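Structural overview
Now for the letters of each chain:
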Number of protein chains: 2
Amino acid sequence: MPSTTIAEHAAPTRRLTAKGEATRARIVEAASALVFLHGVTRTGVEDVQREAGVSASQLYHYFGDKQTLMRAVIAHQTVEVLAAQGPELDALDSFEALDRWRDGLVALQRARHCAGGCPIGSIAAEIAEDDPDARADLVDSFEQWEAPLRSGLATMRDRGALRKDADTDRLALALLAALQGGLVLTQLRRTTLPLETAIDASLELIRSYRA
Amino acid sequence: MPSTTIAEHAAPTRRLTAKGEATRARIVEAASALVFLHGVTRTGVEDVQREAGVSASQLYHYFGDKQTLMRAVIAHQTVEVLAAQGPELDALDSFEALDRWRDGLVALQRARHCAGGCPIGSIAAEIAEDDPDARADLVDSFEQWEAPLRSGLATMRDRGALRKDADTDRLALALLAALQGGLVLTQLRRTTLPLETAIDASLELIRSYRA
């Protein structure tokens, strides 16, 4: 099977009726919820059928196999993860904006009682070795997450809020990694302390480049 | 089933003959290798039997069910992860030691072609929600990892290498989180750059507290 881009998986590849679109979306949402709770492997297509209230033939009509469905889940969860961070994600160009964004991430984990971890990071840990296409999709997902961090910090440097010698690409990548690792430990320990500590340490390093 | 500590799972709970010990160890090693490659859910007990060259009844004799075997895998992989970092892990009490430890972690990922991610972090992401006993074991595992980071940095502060106001517990937790997140991104992107960037950013923050 030729590799396709994540954008093709986010949207239906054939033109669907409004009803078809709604059914497809219901399937992806049901699958995403199950994967978030139980992981990819423990989510059976029968579970998805039941949760979405569709037949096996309907599921097959929209997603030929489980792998195709899982790639749609990755695309869907990527959109959700980015949306959950609010429009602020695209304007992380001041220390105040970074602090608000950090508070939003922590509040979200608190609301979830620290369960589930990162919806895309967890999928990555589970299937990165067994599904190269899904891994490629996840690389794209994290690039979509890292890009606004990078551009926000670059804007801060260009505006003179950060010193000229601040390597903002490096700081953005370190911030994303800290966030991911913080989420793993927050999920395990059921407290937001690791997430807060990891992000705050990254932000402290960024602040050390204040112009 | 009452919860047991990770130490009880690391070692056999009954006294075994030398041959029994060897068989048990072979099973745990085979299961650990399969879980590292394919995850917990995709590792069937039949796969473990075949890989270890044991019968179903032998497997059952040592590990009553898959969950018990997986807890032994977590205990085994925790010992392996800590051992892979060398005796230096228990003496991370200078900037030079921290740099050598960092280089060792990066070299290990390079040797693995960045595949597999963290042997215990990956298990965490997969089963944290579905197996509370395993989650408790993993909390212990990460505590065993964090403790030497914490005590190394505290020693540096006590010796005057770090300023008195350095919150070494916080810096140690941030370093562990950075490492975990760096491993997730390194596994996905198949380059050690995220791991290096994440750890180096943490070490840069630690250096900013140099006395």
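An unreviewed UniProt entry lists chain A under the name TetR/AcrR family transcriptional regulator, with Amnibacterium soli given as the organism.

1. Considerations on the packing of helix H8 (residues 132–158) of chain B against helix H9 (residues 168–189) of chain B
Each pair of packed helices can be summarised by the angle the axes make with each other and by the distance between the axes. All names here are of chain B. Two elements in contact, H8 and H9, have axes separated by 8 Å at closest approach and are oriented at 135°. The orientation of H8 with respect to H9, classified from their angle, is oblique. When you trace H8 past H9, the crossing you get is right-handed. Residue-level contacts link Phe142, Trp145, Glu146, Leu149, Arg150, Leu153, Ala154 and Arg157 of H8 to Thr168, Asp169, Leu171, Ala172, Leu173, Leu175, Leu176, Leu179 and Gln180 of H9. Broken down by class, the residue content of the contact of H8 with H9 amounts to 11 nonpolar, 2 polar and 4 charged.

2. Observations concerning the domain arrangement of chain A
Residue and element names in this part refer to chain A. Each assigned domain of chain A is listed here: domain 1 (6–72) and domain 2 (85–207). Relative placement of domain 1 and domain 2: their C-alpha centres are 27 Å apart. Taken together, the contact between domain 1 and domain 2 spans 8 residues of the former and 15 residues of the latter. Between domain 1 and domain 2, a total of about 920 Å² is buried, with carbon and sulfur atoms accounting for 55% of that surface. Here domain 1 is connected to domain 2 by 2 salt bridges.

3. Quick word on the relation of the copies chain B and chain A
Once turned by 180° and shifted 0.0 Å along the axis, chain B lies on chain A with an RMSD of 0.0 Å. Here the transformation between the copies is reduced to the relation of a two-fold axis. No C-alpha of chain B lies nearer the rotation axis than that of B:Gly181, which sits 1.9 Å from it. The fraction of interface residues of chain B whose copies in chain A are also interface residues reaches 100%, indicating that both copies meet through the same surface.

4. Quick look at the packing of helix H7 (residues 119–127) of chain A against helix H8 (residues 132–158) of chain A
Residue and element names in this part refer to chain A. Axis separation between H7 and H8 bottoms out at 10 Å; the angle between their running directions is 150°. As summarised for this structure, H7 and H8 are arranged roughly antiparallel, according to the angle between their axes. Relative to H8, H7 is oriented so that their crossing is left-handed. Facing H7, whose interface residues are Ile120, Gly121, Ile123, Ala124 and Ile127, H8 presents Ala134, Leu138, Ser141, Phe142 and Trp145. Across the contact of H7 with H8, the residue classes break down as 8 nonpolar, 2 polar and no charged.

5. Comments concerning the interface of chain B and chain A
Contacts between the two partners involve 45 residues from chain B and, on the opposite side, 45 residues from chain A. The largest share of the area that chain B buries against chain A comes from B:Arg42, B:Glu129 and B:Leu188, three residues that together contribute 17% of it. Taken together, chain B and chain A are joined by 8 salt bridges. Where chain B meets chain A, there are 20 residue pairs in polar contact (both at pLDDT 80 or more). For the side of chain B that touches chain A, the secondary structure elements donating two or more residues are helix H2 (18–38), helix H7 (119–127), H8, H9 and helix H10 (193–207) of chain B. Top element by residues in the side of chain B that touches chain A is H9(B). It accounts for 14 residues. In terms of residue class, the side of chain B that touches chain A is built from 24 nonpolar, 9 polar and 12 charged.

What counts as what
Residues numbered from 1 in each chain as written. Chains lettered and ligands numbered in written order. Predicted model: local features only at pLDDT ≥ 70, side-chain atom pairs only at ≥ 80, totals over all residues. Heavy atoms only, no water. Axes fitted to C-alpha atoms, helices over the stretch in contact; angles between N-to-C directions. Helix = DSSP H or I, 4+ residues; strand = E, 2+ residues; numbered from the N terminus. Parallel < 35°, antiparallel > 145°, perpendicular 65-115°, else oblique. Left-handed = near helix turned anticlockwise from the far one by under 90°. Contact = heavy atoms within 4.5 Å. Nonpolar A, V, L, I, M, F, W, Y, C, P; charged D, E, K, R; others polar. Domains from an automatic or database assignment. Buried area = accessible area lost by both parts, 1.4 Å probe. Salt bridge = Lys/Arg side-chain N within 4 Å of Asp/Glu carboxyl O. Least-squares fit on C-alpha atoms with pLDDT ≥ 70 in both. Polar contact = N/O pair within 3.5 Å; in protein donor to acceptor, adjacent residues only side chain to side chain.

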